[in-house]
Amino acid sequence: MESMSRMLENLPKHIIESMPKRMIEMKNLFLSFNGHFALSSINLTINKGDKVALLGPNGAGKTTLMKVICASLRADSGSVFVDGKKPLEAKRAPNMLGWLPERAPLNLNLTVKEH
């Protein structure tokens with residue numbers, strides 16, 4: 001059987017460009033703190049151009065999920081891919097993602113460029 005990449009190479013360019021591109025993908029993600037699951041069995045795909053909001057009560061895991069995506073936290077198990085790469089392993093991970101939490105941890109002694 002032909003590999004998926006080989007099959008895609010043979011498709012016309014306009015068809016390939018019209019296909020959704022996975023920008024963020026999470027597979028079977030788990031993360032716990034002191035034996036309590038903050039994230040449990042998270043499976044999510046966000047395609048290029050999708051608009052997504054994380055909604056939920058305090059303690060639901062929204063911030064934890066964002067920290068895992070941005071490589072600020074490491075999940076206990078599962079995988080995260082951003083543009084097909086694992087943020088924790090990609091050398092350019094800091095340039096791949098940006099996130100501004102509600103209360104940004106700013107150091108007022110640093111310039112914008114230093115941040």
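Residues numbered from 1 in each chain as written. Predicted model: local features only at pLDDT ≥ 70, side-chain atom pairs only at ≥ 80, totals over all residues. Heavy atoms only, no water.

Our next topic: helix H3 (residues 62-69). When we look at burial in H3, the residues that qualify are Thr 64, Leu 65, Val 68 and Ile 69. The arc that holds every buried residue of H3, seen down its axis, measures 140°, which confines them to one face. Those residues of H3 that are buried are in contact with strand E1 (22-33), strand E2 (36-47) and strand E3 (77-82). Just downstream of H3, Ala 71 is the residue with a positive phi angle, here 70°. (Buried < 20%, exposed > 50% of the residue type's maximum accessible area, 1.4 Å probe, protein only. Helix = DSSP H or I, 4+ residues; strand = E, 2+ residues; numbered from the N terminus. Arc of directions from axis to C-beta. Contact = heavy atoms within 4.5 Å.)

Before going further, it helps to examine the environment of Thr 45. Considering the arrangement of structural elements, one finds Thr 45 in strand E2. On the basis of relative accessibility, which here comes to 35%, the residue Thr 45 falls in the partly exposed class. The spatial distance from the C-alpha of Thr 45 to the C-alpha of Phe 81 is 9.4 Å, given a sequence separation of 36 residues.

Don't take any of this as a statement about function, it's just geometry.
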